[in-house]
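Residue-level structure breakdown
The primary structure of each chain is shown beneath.
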Amino acid sequence: MMRILAISGSLRAASANSRLVEALGLVAPPGVEVAIYAGLGDLPHFNPDLDGDAPPAAVLELRRQIGLCDGLVICSPEYAYGVAGTMKNALDWLVASLEFAGTPVALINASPFSEFAQPQMRETLTVMSGEVVDAASLTIPLQGGKMTAAEVAADPEMSARLRAALEALVDHARKALTSSRV
Ligand SMILES: Cc1cc2nc3c(=O)[nH]c(=O)nc-3n(C[C@H](O)[C@H](O)[C@H](O)COP(=O)(O)O)c2cc1C
């Protein structure tokens, strides 16, 4: 079983990005488990002074979940031409952690209008030694919509695209696992 961790960068109750994250769990192909990270709002503001011998419990839990996954999906909104601050905050907590390096990442976007957040996140993830998987990164336009995760999963085109993204991410993760064992 391959384990994918999916993070929505939005704390909004009616978040389109959170609906995409939930839909991923509904469309996952056999052999792929999608766990949803729900602790974004509990993370303290990044402060290296807190990251000593006893980092905050919420940070340890984020790192534990990253360490357990074979691949990561990030669905984050763009605010003011940048990555949502809460999402960037989570990435900052992962910079110096051993768990993240080498993790394959899919960037899935709920808005075709956000041109800045994805390239910025790509820069950050790359400098963190993550691997953005292009074949698993895509835009599913949901902004302003009222679709539930079940409706997204029931939409033939959206569900096919999300499933293909998961397959591409898992495929990349499997290849990385195989080559690291050689
Ligand atoms: C204060 C604010 C600033 C925003 N700035 C941008 C922006 O720069 N670019 C963009 O494409 N969308 C921007 N948006 C729109 C959000 O990215 C969009 O509503 C997105 O769907 C929010 O994600 P969510 O539905 O997952 O919460 C902004 C929204 C707000 C409230």
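Remember, predicted model here, so these are calculated numbers, not experimental data.

1. Re the overall build of the protein
Looking only at helices and strands, the protein has six helices and eight strands in total. Along the protein, helices (α) and strands (β) appear in the sequence β-α-β-α-β-β-β-α-β-α-β-β-α-α when read from the amino end. For 182 residues, the compact-globule estimate of 2.2 N^0.38 gives 16 Å, and the C-alpha radius of gyration of the protein, at 16 Å, lies within 12% of that figure. Taking the principal axes of its C-alpha atoms as reference, the protein extends roughly 50 × 45 × 25 Å. Within the protein, counting contacts between residues at least 6 apart in sequence, those at least 24 apart form 80% of the total. For the protein, the exposed surface amounts to about 8900 Å²; the carbon and sulfur share of it is 56%. Between the averaged position of the 13 positive side-chain charges in the protein and that of its 20 negative side-chain charges there is a distance of 5 Å.

2. Overview of the site of the ligand
The immediate surroundings of the ligand are formed by 13 residues, with Ser10, Arg12, Ser15, Asn17 and Glu78 found nearest. In this structure, an oxygen atom belonging to the ligand sits 2.6 Å away from a side-chain N or O atom of serine 10. The contact in question runs from an oxygen atom of the ligand to an N or O atom on the backbone of phenylalanine 113, over 3.4 Å. Within the complex, 64% of the 630 Å² of free accessible area of the ligand lies under protein. Residue composition of the shell around the ligand, by class: six nonpolar, five polar and two charged.

3. Focus: the pattern of salt bridges
Counted according to the given criterion, the structure contains seven salt bridges. Note that arginine 64 and glutamate 61 form a salt bridge whose closest N and O atoms lie 3.0 Å from each other. Placement of the pair is arginine 64 and glutamate 61 together in helix α2 (residues 57-68), with a separation of three residues, close to one helical turn. Judged by relative accessible area, arginine 64 falls into the partly exposed class, the value being 46%. Between lysine 175 and aspartate 171 there is a salt bridge; the shortest N-O distance is 3.1 Å. Residue lysine 175 and its partner aspartate 171 are both found in helix α6 (residues 156-181); the two are separated by four residues, about one turn of the helix. You can call lysine 175 exposed: its relative accessible area is 54%.

4. Digging into helix α4 (residues 117-127)
Listing the buried residues of α4 in full gives Ala117, Gln118, Met121, Thr124 and Leu125. Across the axial projection of α4, the buried residues extend over an arc of 125°, all falling on one side. What points out from α4, more than 90 degrees from its buried face, is the exposed set Glu123 and Val127. The secondary structure elements touched by the buried residues of α4 are β3 (71-75), β4 (78-79), β5 (82-83), α3 (85-95), β6 (104-109) and β7 (131-132).

5. Considering the pairing of strand β2 (residues 32-37)
Both strand β1 (residues 2-8) and β2 contribute to a ladder of six bridges, which runs parallel. Considered in β2, the bridge of isoleucine 4 is made with valine 34.

Calculation notes
- Residues numbered from 1 in each chain as written.
- Predicted model: local features only at pLDDT ≥ 70, side-chain atom pairs only at ≥ 80, totals over all residues.
- Heavy atoms only, no water.
- Helix = DSSP H or I, 4+ residues; strand = E, 2+ residues; numbered from the N terminus.
- Rg over C-alpha atoms; globule rule 2.2 N^0.38 Å.
- Contact = heavy atoms within 4.5 Å.
- Areas by Shrake-Rupley, 256 points an atom, 1.4 Å probe, with all protein chains shown as cover.
- Lys, Arg positive; Asp, Glu negative; His and termini not counted.
- Charge placed at Lys NZ, Arg CZ, Asp CG, Glu CD.
- Near = heavy atom within 4 Å.
- Polar contact = N/O pair within 3.5 Å; in protein donor to acceptor, adjacent residues only side chain to side chain.
- Nonpolar A, V, L, I, M, F, W, Y, C, P; charged D, E, K, R; others polar.
- Salt bridge = Lys/Arg side-chain N within 4 Å of Asp/Glu carboxyl O.
- Buried < 20%, exposed > 50% of the residue type's maximum accessible area, 1.4 Å probe, protein only.
- Arc of directions from axis to C-beta.
- Pairing = 2+ DSSP bridges.

Any functional reading would require information that these geometric values do not contain.
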